[in-house]
Amino acid sequence: MAEKKIIVVGGGLSGLMATIKAVERGVKVDLFSLVPVKRSHSCCAQGGINAALDTKGEGDSTWEHFDDTIYGGDFLANQPPVKNMCDAAPGLIYTMDRMGVMFSRTPEGRLDLRLFGGVKKRRTVFAGATTGQQLLYACDEQVRKWEDAGMVKKYEGWEFLSAVIDDQGVCRGIIAQDLATMEIRAFVADAVLLATGGAGMIYGKSTNSVINTGSAASAVYQQGVYYANGEFVQIHPTAMPGDDKNRLMSESARGEGGRIWTYKDGKPWYFLEEWYPAYGNLVPRDIAARAIFKVCVEMGLGVDGENKVYLDLTHKDPEFLDNRLGGIIEIYEKFHGDDPRKVPMKIFPSVHYFMGGIHVDWNHQTCIPGLFASGECDYMYHGANRLGANSLLSALYSGTVAGPAMVDYIEGLSKSSKDVDKKHFERELKRQQEWHDKILKMNGYENPYKLHEEMGDIMTENVTVVRYNDRLKATDEKLQELIQRWHKINIEDTSSWGNQAVMFTKQLWNMLQLARVITLGALNRNESRGAHYKPEFPERDDENWLKTTKAKYTPDGPVFEYEEVDTSLIKPRPRKYDVDKEATMND
Amino acid sequence: MTREYIHLKIKRQDNPDSAPYWEEFKVPYKPNMNVVSVLMEIRKNPVNANGQKTTPVVWECNCLEEVCGACSMRINGVPRQACSALIDKIDKSPIILEPLSKFPVIRDLQIDRQIMFDYLKKVKAWVNVDGSWDLGPGPLFPEKTRQWAYQLSRCMTCGCCLESCPNYNEKSAFIGPQALNQVRLFNAHPIGKMDKEKRLDAIMGPGGITECGNAQNCAKACPKEIPLTVSIADLNKQTVLYGLKRWLYK
Amino acid sequence: MSLFEKNHFFIRKLHSLFGVIPIGLFLLEHLYTNSFANQGPESYNAKVEFLQSLSYVLYIEIFLIILPIIFHGLYGLYVVYIAKNNVLQYNYYRNWAFYLQRVTAVVTLVFVLYHLWALRISSALYGTEVTFASVAEHLSNPWIFAFYVIGLLASTFHFANGLWAFLINWGIAVGVKAQQVFGWITGFIFVILSVMGLQALFAFVA
C-alpha cells in the first residue's frame, strides 16, 4: 500500500495539535502555513484556557463547565461535542503542562486557576497573560521534534488557494502558492485539514492578526462547503482602539478584579456591577460589549465624550499585576503610554472571534469527504457566544479530534490519492493559475487596500454589536458594489517575486464573499441570541431560530439552509446574568 | 514631535539577487501611528516622495502587538518590532527603515529567518514527552522557578538579538542568544531536564556557547527584555560542570 | 569531526583560563616586582636578581609564561578576527568593553612581543644584564616610553576586563546584579594596576 499522507493547513494551536495526533498514529504530515508556525495568531490569546480541574475546593465539575458553555452560547451549540470537549479539558491541560507550558502555579507548585467571564467558579488555567503564546510554543516545539524526526514537512510561507476535489467529490489534495517565488503547485494528500483561524480582517480593524482573513475558509466555501453560523461574531468588550488594529485587553483583567466604569453625574459609575449584580464585571462578552456600547453610543457617557470607558486595575497590588497580567500591562504601556498600574485603561469593544465557521460533522469532516476543519475556522463549540478562555480549549480539543479522525478516514480509503487521475490536480491548478494571471493583469483604478478599508468600515458600522435589518440590507448592497469594484482594481505591483499585493487581492475577493455570508446570515435571523442582537427583535426565539445557519455558495450569492440543533443534554432555558444561573433553571 | 508629514527613507530590494536601493516616502501625519500603520498607508497610495508611482513596500507583520515576532526591522539603525515603534516617540526625520542585515532579504524589508528555527532543532528545544496522551497531572513545579522560566519562554524568535550580536556574523558559526536561552529554559523544566546533557552537548561544540563574547547587546535589543546574558552565564556554569563531569567520568 | 572541533569546548575554556592562570597571575607578579623601582635601583635590582636566581627559571618562563601567552595570543587573534564590531550602531558600555577587549588584545600582543624581545630575549642572546639602569636607558627614548604607557594600559585593561569575562564564562557571575558588581570590581582592578604600572614606569625615567 502506498504511504498515505495528510495535509494540515494552518499552524496555529489546532493545526499543530492535529499534526501531533496524526503523526503519533504514524501518518506523515505536510504542514502549510502563511507564516512560520510560531508566529500564528494563537499567540495573541491572553487570559487562559478553561478546564474544570476543581483544585480550589469549589466543587467545580466538567458538567458545570459544559453547562456554562452551553448557557453562555445561548443554546445554539450542538451539545454532545461540547460535552466531550469539557470532559477532555483537564487531561488536555495536563498534557500541555507536561509539554512545558509555563502555567502559573499555586504556592505548592500545582496549576493555579483564575476566574473568567460568565462563570462563578475558578476554572481558567493561565500562563501570565500570554497563555496562547505559551500553548502555541509548546505545540510548535513538539511539531519541531517530529519535523526533526522526518515525520512532518513544513511549508511555511505558502498560501492555501483551494482544495483539489475529484469527480467523485472527494478531496485529494490542495493547491498552494509560495509567497516568495509565487509558484503555484498541487499537493497530493489523502486527507486535508483546514485549521486556518478566524476572519477578523473582514472588519478591517479587530483584535485579530493580519493573516486572519478567512480566505482559506472562504475558498472552500466557494468550492461547495457549508459555512455555518457566520452571523455570530464575538465583539470583545475590552480592547484598546488603535490606528492599525484594536489591541485586546484580556478578560482576565476583570477576572483578577478589574472594574469597568465611566463618569455619570461627575461620579464613577460601575454600570456592569449595577446592572448585573450576580456576575458584575464578569458577565459574558456579548453582554458586556452591549452594555459598554449602550453607555457610550446611546447614553453618550463615554470617557471624555469619546467611545471609551475605563477598565480599572489601579486598586490592585502592582507586583500581583505584573505576575498575573504582565503581558497585557506591557502591551498597554507600550502602545498607549499610560501605566495601567496607576491610571485606568481606556477601552472599547472590538471584533474578536468567529463562533461560526466551516460546517463540519462531529469528526470535524466537511460535506466534502477527506476535507476537515478545526479550530476557530469551524463552527462547533461556542454556539451564539463564546465564553472567555474556551477558545484555546476548542482550538486544542478540535485538533485532538480532527487528527485521529483523519487517520481513521484514510485507513478506510480504498484508493490512495496518489493513484487518482492527475487530471483532477491539473484542472484545479490551471484554474488557480488563470485566476492569478488575471489578477496580475488588472489595470483598473481601484486600490485593493482602500476597498478593504471600505469593507471593514461598513461591516464594523453595521454588523457588530447592534444590528438593524435596513442597515444589514444596505451593507449587503455595498458589499455587492465592492465586489463589482474589485474587478476594477489596479494591481500596481506586477512583480513575479514576493508580490504581497496580488495575494492580498485574492484574499480580498474571498473576504468579500464571506462578508456577505455574515451580513445576510444576520439579516435573515430575526431574533436576538448571544452576540447577534437586533433591537427590532430583542428576544430569543427558540421556536423559529434554535437552528444552525448553513450558507451555501452560488455565483449569485449565498443560499441559506437551517439545521436543527442537538439539545439532547441540557434543555434550553432563558439566559440572564443579573441573577445566578441556578435561578434560571426553574423558569 | 509634531509634524505634517511622516518622512520615511526605506531600503528596498526587489529580490534576493538584485541590488538594494533607497526610496523615500511622505505620508500624511495622524496621531498614534506606528511604523506598521505608516507602511499600510503607503500600500493604499503607493507613490514615493517625488510623486512617482511605485510598488507597495513589502514587509512582514502579523499580530501587531509584539507577541508574534514577525515585524522585526532596523528602524533608524536599531533592530526592533515595527508595530511597537510609535511615530510620536521617534524624534528623527526621515525615519530610516532597513531590513535586518544578518538574514537573507526576500524582498524589501522582508527577510528569511528560517535559520533561527534550525538552531532550535539543533539544541533540541522541546520537552521530550512520550506522547500527547493524558497521563494525569504533570510534575510539581515551584512558582518561583516558573516565574523566571516564563520570562525565557516568551522569546518570539524575532531575530533582534542575533542582529545586534557582534559575534553573530558570516565569519562565525555562532547560533546566537535565542537558541541558547531555550536550552536554559528546557533544562529548568522538571521533565525537560531529563535531556539536559543532550542539549548541553549540542551547545558545547563550535558555534555554541563559547562563541559568546559578552558584548551583551542582545539583552538590550530584546523587545521582550529576556535576560539573555543571564541565560548565557547560567549555561556557562552548566556546561563547565557538565564538561568536568563528562571528562572525569569517562 | 576534526580533533580541533572535538575538543572545541576544552580549547576555548583553556584559552579563557590561561588569561587568568597563569598569564594574569604573572602580570600581577610582574607589576608588583616592577613597583620596587619606586624604592630605587638597589631594591629593584635585588628583586630582579632574586627572580633570576629561582630554580628552573627557564622552564617556568617557557611553560608557565611563554607557551600560555603564545596559545592565548594566537587563539585570541582568531577570536578577534571572528567579531564584527558594531559599537557605533550599538553605543552601549558593554559593547565598547567588548570592542576594547579586542583592540587591547592586539595592542597587548604587539607590546608583549616587543617587550619580551627588548628586555628578555635580546639580553639572553647577547648576554646583557637586566638592571634598573638598562631599563631606564631603554625607556629614555620618549617614543618607546609612550609605547610602554600604551602597552601597559592595554594590558591592564585586557586583564581586568578579561577577568570579568572569565567570571561569566565560567558561570561564577550569573545574575544581572552579580555581573554588575563584578564589573565595578574589575574596573577598580584596572585602575589600581594601571596606577601601579605607571608609577613604576615613571620611576625609571625620574
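Residues numbered from 1 in each chain as written. Chains lettered and ligands numbered in written order. Predicted model: local features only at pLDDT ≥ 70, side-chain atom pairs only at ≥ 80, totals over all residues. Heavy atoms only, no water.

Chemist: Mind showing me how you'd approach the overall build of chain A here?
Modeler: When helices and strands are counted, chain A shows 16 helices and 21 strands. What you see for chain A is a C-alpha radius of gyration of 23 Å, in line with the 25 Å of a compact globule of 587 residues. Principal-axis analysis of the C-alpha atoms gives chain A an extent of 70 × 55 × 50 Å. Out of the 587 residues in chain A, the part that is buried amounts to 68%. By sequence separation, contacts in chain A at least 24 residues apart represent 73% of the contacts at least 6 residues apart. Accessible surface, chain A: about 18,600 Å² in total, of which carbon and sulfur atoms supply 48%. (Helix = DSSP H or I, 4+ residues; strand = E, 2+ residues; numbered from the N terminus. Rg over C-alpha atoms; globule rule 2.2 N^0.38 Å. Buried < 20%, exposed > 50% of the residue type's maximum accessible area, 1.4 Å probe, protein only. Contact = heavy atoms within 4.5 Å. Areas by Shrake-Rupley, 256 points an atom, 1.4 Å probe, with all protein chains shown as cover.)

Chemist: Is there a simple way to think about the interface of chain C and chain B in this case?
Modeler: You'll often see interface size given as the accessible area lost when the parts meet. On the side of chain B, 35 residues touch chain C, which itself brings 29 residues to the contact. Both sides together, the interface formed by chain C and chain B hides about 2,800 Å², and carbon and sulfur atoms give 57% of it. Our count for the chain C to chain B interface comes out at two salt bridges. Arg 12 of chain C serves as the salt-bridge partner of Glu 211 of chain B, at 3.5 Å between the closest nitrogen and oxygen. (Buried area = accessible area lost by both parts, 1.4 Å probe. Salt bridge = Lys/Arg side-chain N within 4 Å of Asp/Glu carboxyl O.)

Chemist: Can you help me understand empty space enclosed by the protein in this one?
Modeler: Empty space among the atoms can be located by rolling a probe the size of a water molecule over them. Residues and elements named next belong to chain A. Under the counting rule described, the total for this entry stands at nine cavities of 30 Å³ or more. One number sums up the size of the largest cavity: a volume of about 750 Å³. What lines the largest cavity is a set of 50 residues, and nearest its centre among them are His 41, Ser 42, Gly 197, Asn 212 and Glu 376. Listing elements by their share of the lining of the largest cavity, those giving two or more residues are α1 (13-24), β2 (28-33), β7 (158-165), α5 (215-221), β17 (345-354) and α10 (391-411). Taken together, the residues of the lining of the largest cavity break down into 18 nonpolar, 27 polar and five charged. (1 Å grid on protein atoms, 1.4 Å probe; cavity = no way out; pocket = protein on both sides within 12 Å on 5 of 7 lines; lining within 4 Å. Points joined across faces, edges and corners; volume = space filled by probe spheres on them. Nonpolar A, V, L, I, M, F, W, Y, C, P; charged D, E, K, R; others polar.)

Chemist: When you look at the sheet that holds strand β10 (residues 191-194) of chain A in this model, what are you seeing that I'm missing?
Modeler: Residues and elements named next belong to chain A. Pairing in this open sheet of five strands is parallel, and the strands run β6-β2-β1-β10-β19 from one edge to the other. Each edge of the sheet is formed by a strand with only one pairing partner; in this case those strands are β6 (152-156) and β19 (371-373). Averaged over all pairs of adjacent strands, the angle between their axes in this sheet comes to 20 degrees, without regard to strand direction. Bridge count between strand β1 (residues 5-9) and β2: five bridges; the pairing is parallel. Across the sheet, residue Val 9 finds its bridge partner in β2, namely Phe 32. Strands β2 and β6 of the sheet are contacted by helix α4 (residues 131-148), whose axis makes an angle of about 120 degrees with β6. Each of β1, β10 and β19 touches α10; the most contacted strand, β10, lies at about 160 degrees to it. (Pairing = 2+ DSSP bridges. Axes fitted to C-alpha atoms, helices over the stretch in contact; angles between N-to-C directions.)

Chemist: Sorry, what's going on with the packing of aromatic side chains here?
Modeler: Within a pair of aromatic rings, the relevant descriptors are the distance that separates the centres and the angle that separates the planes. Enumeration according to the criterion identifies 46 aromatic pairs over all chains in this entry. Considering the side-chain rings of Trp 545 of chain A and Tyr 562 of chain A, the 5.2 Å spacing of their centres and the 80 degrees angle between planes classify their relative orientation as edge-to-face. Note that Trp 545 of chain A is positioned in helix α15 (residues 542-545) and Tyr 562 of chain A in strand β21 (residues 559-564), a separation of 17 residues in sequence. Each ring, one from Phe 111 of chain C and one from Phe 147 of chain C, has its centre 5.6 Å from the other, and the planes form 80 degrees; the classification is edge-to-face. In this pair, Phe 111 of chain C sits in helix α6 (residues 93-126) while Phe 147 of chain C sits in helix α8 (residues 142-169), placing the two residues 36 residues apart along the sequence. On the accessibility criterion, Phe 111 of chain C (7% relative accessible area) is buried. Look at Phe 147 of chain C and you get partly exposed, because its relative accessible area is 25%. An aromatic cluster is built from Phe 4, Phe 18, Phe 71, Tyr 75 and Tyr 78 of chain C, whose rings are joined through pairwise contacts. Here the guanidinium or amino end of Lys 38 of chain A rests over the ring plane of Tyr 137 of chain A, the centre of that ring lying 4.4 Å away. (Phe/Tyr/Trp six-rings, centres within 6.5 Å; stacked < 30°, edge-to-face > 60°. Lys NZ or Arg CZ within 6 Å of the ring centre and 35° of its normal.)

Chemist: Looking at this structure, I do not really get the nonpolar core. What am I missing?
Modeler: Across soluble globular proteins, you tend to see nonpolar side chains buried next to one another. Ile 6, Met 96 and Phe 103 of chain A together with Leu 8, Val 35, Leu 39 and Leu 97 of chain B are the most contacted members of the largest nonpolar core, which has 268 residues in total. Ranked by residues supplied to this core, first place goes to helix α14 (residues 500-524) of chain A with 15 residues. Setting aside anything within four residues of it in sequence, one finds Leu 97 of chain B in contact with Leu 8, Lys 9, Ile 10, Lys 11, Trp 22, Val 35, Leu 39, Met 73, Arg 74, Ile 75 and Leu 109 of chain B. By size, the runner-up hydrophobic cluster in this structure holds 39 residues, among which are Leu 31, Ala 37, Val 48 and Val 174 of chain C. (Core = buried A, V, L, I, M, F, W, Y, C linked by side-chain atoms within 4.5 Å.)

Chemist: Just checking my understanding: could you explain the domain arrangement of chain A for this structure?
Modeler: Residue and element names in this part refer to chain A. Its domain assignment divides chain A into domain 1 (237-351) and domain 2 (424-541). Listed as interface residues are five residues of domain 1 and, on the opposing side, six residues of domain 2. Counting each side, the surface lost to burial between domain 1 and domain 2 is near 490 Å², with a carbon and sulfur contribution of 76%. Three residues stand out in domain 1 for area buried against domain 2, namely Asp 286, Arg 290 and Phe 293, and they jointly supply 73% of the buried area on that side. (Domains from an automatic or database assignment.)

Chemist: I would appreciate a short explanation of the packing of helix α6 (residues 196-203) of chain B against helix α8 (residues 228-248) of chain B in the present structure.
Modeler: Packed helices, taken two at a time, are described by their axes: the angle between them and the distance between them. Residues and elements named next belong to chain B. As a packed pair, α6 and α8 sit with axes 10 Å apart at the nearest point and diverge in direction by 100 degrees. When the axes of α6 and α8 are compared, the pair comes out roughly perpendicular. Between α6 and α8, the contacting residues are Lys 196, Glu 197, Leu 200, Asp 201 and Ile 203 on the first element and Leu 235, Gln 238, Thr 239, Tyr 242, Lys 245 and Arg 246 on the second. For the contact of α6 with α8, the residue count by class is four nonpolar, two polar and five charged. (Parallel < 35°, antiparallel > 145°, perpendicular 65-115°, else oblique.)

Chemist: Would you mind going over the side chain of Ser 252 of chain A with me for this structure?
Modeler: Within the secondary structure layout, Ser 252 of chain A lies in helix α6 (residues 252-255). For Ser 252 of chain A, a relative accessible area of 0% puts it in the buried group.

Chemist: Help me understand the state of the cysteines in this model?
Modeler: Joining two cysteines, a disulfide is a covalent bond between their sulfur atoms. Under the definition given, this model contains zero disulfides over all chains. You can see Cys 139 of chain A has no disulfide; the closest cysteine sulfur is in Cys 43 of chain A, sitting 13 Å from it. A residue is classified by how much of its surface remains accessible, and Cys 139 of chain A, at 0% relative accessible area, is buried. No disulfide involves Cys 212 of chain B; its nearest neighbouring cysteine sulfur is the one of Cys 218 of chain B, lying 6.6 Å away. (Disulfide = S-S within 2.5 Å.)

Chemist: Which parts of the structure should I look at to understand the interface of chain A and chain B?
Modeler: Each side of the interface is counted separately: chain A has 70 residues, and chain B has 76 residues. Summed over both sides, the interface between chain A and chain B buries roughly 6,200 Å², with carbon and sulfur atoms accounting for 51% of that surface. In terms of surface lost to chain B, no three residues of chain A exceed Arg 39, Arg 98 and Met 102 of chain A, which account for 15% of the buried area on that side. Taken together, the connections running from chain A to chain B amount to nine salt bridges.

Chemist: Would you take a moment to explain the side chain of Glu 446 of chain A for this structure?
Modeler: Within the secondary structure, Glu 446 of chain A is located in the loop between α11 (422-440) and α12 (448-462). With sequence-adjacent residues up to four places away left out, Glu 446 of chain A is seen in contact with Leu 451, Arg 485, Lys 488, Ile 489 and Asn 490 of chain A.

Chemist: Explain the environment of Gly 305 of chain A here, please?
Modeler: All names here are of chain A. Among the secondary structure elements, Gly 305 is positioned in the loop between α8 (285-298) and β16 (309-312). When its relative accessible area of 68% is taken as the criterion, Gly 305 is described as exposed. Put simply, Gly 305 and Lys 145 are 160 residues apart on the chain and 53 Å apart in space, counted from C-alpha to C-alpha.

Chemist: It is not clear to me how the sheet that holds strand β11 (residues 227-228) of chain A should be interpreted in this structure. Could you clarify?
Modeler: Strands pair in a sheet through their backbones, by hydrogen bonds, and they do so in one of two ways: parallel or antiparallel. Residues and elements named next belong to chain A. Pairing in this open sheet of four strands is antiparallel, and the strands run β18-β11-β20-β21 from one edge to the other. Taken across any chain shown, the strands that pair with only one partner, and hence form the sheet edges, are β18 (357-358) and β21. The sheet contact formed by β11 and strand β20 (residues 547-552) spans two bridges and is antiparallel. When the sheet's bridge partners are listed, Ala 228 is paired in β20 with Lys 550. Against the sheet, α14 touches β11, β20 and β21, its axis set at about 60 degrees to β21.

Chemist: Explain the pattern of salt bridges to me, please; I cannot follow it from the model alone.
Modeler: Side-chain pairs of opposite charge can arise whenever the charged atoms involved come near each other. Taken as a whole and assessed by the stated rule, the structure comprises 80 salt bridges over all chains. For Arg 123 of chain A, the salt bridge identified is with Asp 60 of chain A, shortest N-O distance 2.9 Å. Separated by 63 residues along the polypeptide, Arg 123 of chain A in the loop between β4 (113-114) and β5 (124-125) and Asp 60 of chain A in the loop between β3 (49-50) and α2 (62-72) bring together distant segments of the chain. The closest approach of N and O atoms between Glu 453 of chain A and Lys 44 of chain B, which form a salt bridge, is 2.7 Å. Of this pair, Glu 453 of chain A sits in helix α12 while Lys 44 of chain B sits in helix α1 (residues 35-44), which puts the two residues in different chains. In the salt-bridge network here, residues are joined through shared partners; they are Asp 74, Glu 231, Asp 286, Arg 290, Arg 525, Glu 527, Arg 529, Arg 540, Asp 542 and Arg 575 of chain A.

Chemist: How should I be thinking about the environment of Asn 214 of chain B in this particular structure?
Modeler: Along the chain, Asn 214 of chain B turns up in the loop between α6 and α7 (217-221). Separated by 48 residues in sequence, Asn 214 of chain B and Pro 166 of chain B place their C-alpha atoms 9.6 Å apart. Within the structure, Asn 214 of chain B has its side chain in polar contact with the side chain of Asn 169 of chain C (distance 3.3 Å). (Polar contact = N/O pair within 3.5 Å; in protein donor to acceptor, adjacent residues only side chain to side chain.)

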